Amino acid sequence: MNLYHNVKAQWLAYGVFFVLLALLPTFVSDSFLLNQFATYGVFGMLALSISLCWGFGGILNLGQGIPFGLGAYGMAMTMQMQTQDASNPIPPFMLNNSLDHLPLLWEPFRHTALGIALSLVVPTLFCAIFGGLMFRARVSGPFFAIMTLAMLSAWYTLILDIQPYTNGANGITPPSPLKLGDYAVDPYSPVAYWSVLALLLVATVGAKLMTLSRFGLVVQAVRGDAERVRFLGYSVAGYETTVYTIAGLIAAVAGCCWVVLTQYVSPAQFDTTFSLSMVIWAGIGGRLSLIGAIIGAFLIQGAQSYLGDTFLNTWLLVLGAFFILVVRFLPKGLAGLVESILGRLSVSSKGNGNDVAAHRLYPQPGE
Amino acid sequence: MSFFEIKHLCKSFDTIPVINDFSIEIVEQTLCCLVGPNGAGKTTTMDLITGRQKPTSGQILFCDDDITGLDEHEIARLGIGRKFQVPAVFRDLSVRQNLEVAYSRSTNPLKNIFRFREPGFSQQLDEIATQTGLTERLGVEAGILSHGETQWLEIGMVLMQDPRMLLLDEPVAGMTEAEIEKTVSIFRELKKTNTLVVVEHDMAFVREIADVVTVMHMGSLLAQGPISDIEANPRVREVYLGDEEG
């Protein structure tokens with residue numbers, strides 16, 4: 001049997017992957033570089049959420065920037081309010097926009113715990129409501145993808161337009177790091193890196209378990225033939241909404257981490273290019289593999305950081321060309337390449353009659 | 001009380017009537033064959049019963065519940081299982097996973113996130129895999145099954161649901177003689193505990209299994225009764241068995 005489909009081997013691969021990532025700060029002493037690697041962890045979460053939604057659920061989501069951006073703005077508002085006090089009650093940019101008191105929208109973010117909770121709840125609720133409305137109306141496939149894209153543009157415009165509340169195109173730049181109680185999270189410290197990694201680990205393990213559960217099985221059946229699933233007694237809209245919402249929650253967590261690491265948020269987080277690149281990460285890494293998608297994000301963002309300077313404006317063309325090649329020759333992405341290599345190995349090492357059957361065995365969910 | 005009843009069912013697409021004042025009653029633990037020429041409205045009737053389409057007017061009663069206009073999954077949960085004309089299985093899942101999805105005792109998405117094993121599943125799986133002859137093929141991807149095996153798998157999926165009434169659209173299409181014989185014996189066994197409605201063109205097969213034959217023509221009921229009566233009915237011969245007229 002192909003090692004790739006062995007669930008135990010998959011867990012082992014996850015273990016090795018995360019242990020290696022956890023050891024990274026012992027080799028990297030440059031705190032700027034460590035901060036950059038931590039942001040890759042954020043991108044990994046986003047790719048993971050796309051893999052869950054698109055790879056397993058078959059729901060192409062071009063608007064994952066919405067929950068990411070909403071989470072990021074919530075966290076930025078929370079961090080901004082931590083630096084305000086009685087003598088200086090409202091953020092400076094509001095004064096420039098001739099506001100003389102804190103708008104109601106900002107009030108809850110004066111409390112750190114409530115602010116963080118809202119940063120997660122609001123995007124999740126948004127996904128549940130938007131997804132619920134769409135899926136109940138049986139909007140699916142490319143139509144849903146277009147709706148997410150339209151919704152993303154709407155949010156982008158909205159955030160840009162309500163300048164007194166969001167500082168428009170300039171975005172929000174909280175002047176000091178996130179404080180949890182008396183502890184300030186230094187974004188350049190190994191602790192910040194490990195925290196992001198721990199969240200990525202939790203999200204990955206949770207997502208993996210989900211794909212192995214009955215829920216994951218039904219979601220994969222919906223991807224194959226939604227119509228048929230209805231006649232087995234499952235509410236397809238319920239399953240689609242749930243998987244879309246969970247992906248949204250992961251993206252919201254990523255958004256919060258992003259702001260903690262960069263101390264900056266702007267409408268660029270709602271930019272279509274950014275949401276599309278999340279899909280490209282998952283596509284190149286392998287959307288049917290959670291870990292493949294994460295690695296895809298690392299590779300592409302890593303390459304962008306180092307090769308992007310060399311290629312400058314042509315980088316997007318290089319990325320586009322690479323994406324086309326992957327779609328054409330490796331529809332399951334790099335993870336699919338690993339799958340077929342391991343498949344070849346298991347066939348040649350055994351060389352008995354069972355190989356044909358083994359070759360036809362269905363890829364297990366989750367990888 | 002009646003087990004299953006359709007009352008004055010009508011369905012039109014735009015202004016074109018497809019089902020026209022169609023009424024039947026189905027008795028529990030019988031096998032009813034629904035026959036009729038192409039375009040008689042057999043598959044549309046199935047669609048209306050299972051909620052895939054909503055009737056223009058009329059009523060569908062199942063165990064005294066009015067199921068008219070309910071959604072597909074609600075009707076399925078009440079105990080009506082359906083096998084499609086073109087076998088609809090999940091091609092990229094294994095045979096075992098197909099049957100696992102069909103074993104739909106728990107349907108709540110949030111609860112199913114935390115559910116990995118379904119109580120009673122493996123016993124049911126063994127039973128139905130043996131019954132449908134798929135025991136050797138459980139690990140295989142459903143997309144590579146032969147046409148006959150795909151038919152078996154879909155019948156197996158309907159059985160996994162353990163419905164009180166089974167609607168089977170052309171279950172023996174593309175099967176060999178031996179496979180048809182096996183189907184006949186399974187259906188006879190099923191009839192002892194379940195109620196079956198079978199749409200079928202193969203008259204030899206219908207003769208083998210049907211308790212009652214219902215003939216549809218132009219969206220209406222043409223005749224109903226035991227196969228011998230139906231075959232002797234001059235109206236039926238005219239529109240359906242037709243050849244003697246010519």
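Parameters at a glance
- Residues numbered from 1 in each chain as written.
- Chains lettered and ligands numbered in written order.
- Predicted model: local features only at pLDDT ≥ 70, side-chain atom pairs only at ≥ 80, totals over all residues.
- Axes fitted to C-alpha atoms, helices over the stretch in contact; angles between N-to-C directions.
- Helix = DSSP H or I, 4+ residues; strand = E, 2+ residues; numbered from the N terminus.
- Parallel < 35°, antiparallel > 145°, perpendicular 65-115°, else oblique.
- Left-handed = near helix turned anticlockwise from the far one by under 90°.
- Contact = placed C-beta atoms within 7 Å.
- Pairing = 2+ DSSP bridges.

Residues and elements named next belong to chain A. Remark: helix 3 (residues 65–82) packs on helix 5 (residues 112–136), axes separated minimally by 9 Å, with the N-to-C direction vectors making an angle of 165°. Judged by the inter-axis angle, helix 3 sits roughly antiparallel to helix 5. In this structure, the crossing between helix 3 and helix 5 has a hand that is right-handed. Across the interface between the two elements, Ile66, Pro67, Leu70, Gly71, Gly74, Met75, Met77, Thr78, Met81 and Gln82 of helix 3 pack against Thr112, Gly115, Ile116, Leu118, Ser119, Leu120, Val122, Pro123, Phe126 and Cys127 of helix 5.

Residue and element names in this part refer to chain B. Taken together, 6 strands build an open sheet; the order of strands is 6-7-8-3-9-10 and the sheet is mixed. The open sheet terminates on both sides in strands that have one partner only, identified here as strand 6 (80–83) and strand 10 (220–225). Across the sheet, the mean angle from the axis of one strand to that of its neighbour is 20°, orientation sign disregarded. One ladder, built from 5 bridges, connects strand 7 (residues 165–169) with strand 8 (residues 195–199); its direction is parallel. By the bridge assignment for strand 8, leucine 166 is matched with leucine 196.

Turning next to the packing of helix 3 of chain A against helix 10 (residues 236–262) of chain A. Residue and element names in this part refer to chain A. At a minimum axis distance of 7 Å, the contact between helix 3 and helix 10 shows a crossing angle of 40°. Comparing the axis directions of helix 3 and helix 10 gives the class oblique. Every pair of crossing elements has a handedness; the one defined by helix 3 and helix 10 is right-handed. Contacts between helix 3 and helix 10 involve Pro67, Phe68, Gly69, Leu70, Gly71, Ala72, Met75, Ala76 and Met79 from the former and Gly248, Ala251, Ala252, Val253, Ala254, Gly255, Cys256, Trp258, Val259 and Val260 from the latter.

Residue and element names in this part refer to chain B. Across the sheet, which stays open at both edges, the 4 strands sit in the order 2-1-4-5 with antiparallel pairing between neighbours. Only two strands of the sheet have a single partner each, and these edge strands are strand 2 (16–26) and strand 5 (65–66). In the sheet, strand 4 (residues 57–62) pairs with strand 5 via 2 bridges, with the strands oriented antiparallel. Each residue of the ladder has a partner; that of leucine 61, found in strand 5, is aspartate 66. Its contacts with the sheet place helix 1 (residues 42–50) against strand 1 (4–13), strand 2 and strand 4, and it is angled at close to 70° to strand 2.

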